[in-house]
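So the chains spell out like this:
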2 protein chains.
Amino acid sequence: MTLTQVSSWKSFGGTLSVHDHESGLLGCTMRFAVYVPPQAKDGPVPVLWYLSGLTCTWANVMEKGGIQEHAARHGLMIIAPDTSPRGEDVPNDEAYDLGQGAGFYLTATQDPWAKNYKMDPYITDELPDLIAANFPAADMSRQGIFGHSMGGHGALTLHLKHPDTYKSCSAFSPITSPARVPWGEKAFTAYLGAPSIAWEQYDATELVKERPSKALLLIDTGTADNFLEPQLKPEIFIKACEKDGQRLDYRLREGYGHDYYFIATFMDEHIAHHAKALKA
Amino acid sequence: MTLTQVSSWKSFGGTLSVHDHESGLLGCTMRFAVYVPPQAKDGPVPVLWYLSGLTCTWANVMEKGGIQEHAARHGLMIIAPDTSPRGEDVPNDEAYDLGQGAGFYLTATQDPWAKNYKMDPYITDELPDLIAANFPAADMSRQGIFGHSMGGHGALTLHLKHPDTYKSCSAFSPITSPARVPWGEKAFTAYLGAPSIAWEQYDATELVKERPSKALLLIDTGTADNFLEPQLKPEIFIKACEKDGQRLDYRLREGYGHDYYFIATFMDEHIAHHAKALKA
């Protein structure tokens, strides 16, 4: 489990670093970023995972999300993984919403994807082991998870499936029920085959019906988000949470879009939400 | 003086927008960004210019600088121009530090640059006229200027030449005496010809000797900046300011680099510096 450091910068008193590693699980070289806050020099700090959206890498949130400022204030370590396996030997598709950059945080069962596309155990097992082994300040008993769009949905599903691991959860502009929208239908059909029980296991709305968590979910979505109606459909998720007793704070933000200007605007509130839960 | 809006996003309660216009002065289409803070709906707000460094455009500071958060808190309008004339018909060079993206905020006298490279009057005259005509909340009687690297130097020179226009000035990692370092020697030779009085008129250290301003200059530079010794040379400028009575707060920031992670870290202090002067 060797890491190769690609770059490192000082940021808000802490250190942002980018690393490559050979993923045995995914069968390719993977890249991720870690922000270690200044408090880490005094002892263990909680770990907050940020899952990015379609086409993104570690860089989007670290460059454009304004995340370091708030992570430094609250003393959280931030991990930003990639959104899929990558590389010339990894199956891909020309579309932006399938293949590389569009892993949907699931384990594919269909060819040609099944060999490499196993993003959920990569996020929940392989990468945490690497973090624990290489970043001694990471307190793996206090983890939270959040993300944007496809990654917001990934955060919701991983939290609902592993509530004892990810004790806090939030999302920006998440897809809330991929089984019911074009992005998800396309990806799930390719990765999982025809609609089946497997789809439900990767759909946050189905999961919340089956196993609501005890956490308060925080979600922000912009009213000027072009993907709001066709892809995100907050009302489906809100209704499921109300019916099944999932605590949810869902805010529609007037005039904001699907972009990182929106994310940066409300990053402080999301980081505070996680800090409150993880440092309780 | 028609503007074509290219994009617009809501950000920290205000609006970031990007515009194209035909520059009669530069003989090409120019693109810039404006952040209008939420306070602008209640009346005029001060205008703060951010000049970017080599290779950059409006996007660097708006995407990676974390500038909107602090501009929104203090109620400042931010203008981010491009760093040179652009386009297929504009002379260029393959190097990153000459030609497009490397205008050095000066007026070239040498061929082939002289026809288009007139960045100082573009910043001080043409673009302000456009801003005043199209952004009614811009209070052009309260302007400040800052920037990064080549743009930090540009801000210093424009402030020193026009202290009544730019009442406040600061810089991240500025070149402080281009006439004495490789970046500047290369660009000045190309744009201005052999060393002459013209070089001195575009060199912040020479200008501060000749005409120190009454303002307090704020400068931050990282000690891990790879360009610190060969290109930035803060000690030359510090000595000139001490000798000639220019007030200067020059901070060397331990472990920080030449990047936007550094800039974002100290953006709050720079914005506060300008707000204090412009809202006094």
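Residues numbered from 1 in each chain as written. Chains lettered and ligands numbered in written order. Predicted model: local features only at pLDDT ≥ 70, side-chain atom pairs only at ≥ 80, totals over all residues. Heavy atoms only, no water.

- Identification of chain A as S-formylglutathione hydrolase from Hyphomonas hirschiana VP5 is taken from an unreviewed UniProt entry.
- Its UniProt record gives chain A a comment under Catalytic activity (unreviewed entry), which states: "S-formylglutathione + H2O = formate + glutathione + H(+)".
- For chain A, the Sequence similarities (unreviewed entry) comment in UniProt is given as "Belongs to the esterase D family." (UniProt positions renumbered as here; feature names shortened; annotations may be inferred.)

### As for the overall build of chain A
- For chain A, the count of helices and strands is ten helices and nine strands.
- Expressed as lengths along the three principal axes of its C-alpha atoms, the size of chain A is roughly 50 × 40 × 35 Å.
- Partitioning the intrachain contacts of chain A with sequence separation of at least 6 by distance along the chain shows that 72% fall at a separation of at least 24.
- Put simply, chain A shows about 10,300 Å² of open surface, and 51% of that area lies on carbon and sulfur atoms.
- Charge separation in chain A, taken as the distance between the mean sites of 24 positive and 34 negative side-chain charges, equals 6 Å. (Helix = DSSP H or I, 4+ residues; strand = E, 2+ residues; numbered from the N terminus. Contact = heavy atoms within 4.5 Å. Areas by Shrake-Rupley, 256 points an atom, 1.4 Å probe, with all protein chains shown as cover. Lys, Arg positive; Asp, Glu negative; His and termini not counted. Charge placed at Lys NZ, Arg CZ, Asp CG, Glu CD.)

### Observations regarding the relation of the copies chain A and chain B
- Relative to chain B, chain A is turned by 180 degrees and slid 0.0 Å along the rotation axis, the superposed coordinates differing by an RMSD of 0.0 Å. The superposition operator between the copies reduces to a two-fold rotation axis. Among all residues of chain A, the minimum C-alpha distance to the rotation axis is found for Lys64(A), at 2.6 Å. (Least-squares fit on C-alpha atoms with pLDDT ≥ 70 in both.)

### Thoughts on the interface of chain A and chain B
- Contact residues are listed per partner, giving 21 residues for chain A and 21 residues for chain B.
- When chain A packs against chain B, the two sides together hide about 1,700 Å² of surface, and 54% of this comes from carbon and sulfur.
- Across the chain A-chain B interface, the total number found is two salt bridges.
- Between Glu63(B) and Lys64(A) there is a salt bridge, and its shortest N-O distance comes to 3.7 Å.
- The interface formed by chain A and chain B holds six residue pairs in polar contact (both at pLDDT 80 or more) in total.
- For the side of chain A that touches chain B, the secondary structure elements donating two or more residues are β1 (4–11), α1 (59–64), α2 (67–74) and α10 (260–278) of chain A.
- With four residues, the single largest contributor to the side of chain A that touches chain B is α10(A). (Buried area = accessible area lost by both parts, 1.4 Å probe. Salt bridge = Lys/Arg side-chain N within 4 Å of Asp/Glu carboxyl O. Polar contact = N/O pair within 3.5 Å; in protein donor to acceptor, adjacent residues only side chain to side chain.)

### Details of the UniProt feature "active site" (unreviewed entry) in chain A
Residue and element names in this part refer to chain A.
- In the numbering used here, UniProt assigns the "active site" (unreviewed entry) feature to Ser-149, Asp-225 and His-258. Maximum C-alpha separation among the annotated residues is 10.8 Å over a sequence range of 110 residues, consistent with a single clustered spot.
- Tracing the backbone shows Ser-149 in the loop between β6 (138–148) and α4 (150–161).
- We classify Ser-149 as buried; its relative accessible area is 3%.
- Here Ser-149 is in contact with Gly-53, Phe-172, Ser-173, Pro-174, Ile-175, Trp-183 and His-258, once residues within four sequence places are set aside.
- On the secondary structure map, Asp-225 appears in the loop between β8 (217–222) and α8 (228–232).
- Judged by its relative accessible area of 4%, Asp-225 is buried.
- In contact with Asp-225, other than residues within four places in its own chain, are Ser-173, Leu-232, Tyr-256, Gly-257 and His-258. (Buried < 20%, exposed > 50% of the residue type's maximum accessible area, 1.4 Å probe, protein only.)

### Notes on the sheet that holds strand β5 (residues 77–80) of chain B
Residues and elements named next belong to chain B.
- Spatial ordering of the open sheet is given by β1-β2-β3-β5-β4-β6-β7-β8-β9, a layout of nine strands whose pairing is mixed. Looking at strand neighbours, the two that pair on one side only are β1 (4–11) and β9 (248–253), the edges of this open sheet. Neighbour to neighbour, the strand axes of the sheet diverge by 20 degrees on average, direction disregarded.
- Note that strand β4 (residues 45–51) and β5 share three bridges and pair parallel. Across the sheet, residue Val-47 finds its bridge partner in β5, namely Met-77.
- Sheet strands touched by helix α10 (residues 260–278): β4, β5, β6 (138–148), β7 (166–172), β8 (217–222) and β9. Its angle to β7, the strand with the most contacts, is close to 165 degrees. (Pairing = 2+ DSSP bridges. Axes fitted to C-alpha atoms, helices over the stretch in contact; angles between N-to-C directions.)

### A few points about the pattern of salt bridges
Residue and element names in this part refer to chain A.
- Taken as a whole and assessed by the stated rule, the structure comprises 30 salt bridges over all chains.
- For Arg-180, the salt bridge goes to Glu-206, with nearest N and O atoms at 2.7 Å. Pair noted here: Arg-180 is in the loop between β7 (166–172) and α5 (182–192) and Glu-206 is in helix α7 (residues 204–210), with a separation of 26 residues, a long-range link.
- The structure contains a network of salt bridges with shared partners spanning Asp-220, Asp-249, Arg-251, Arg-253 and Glu-269.

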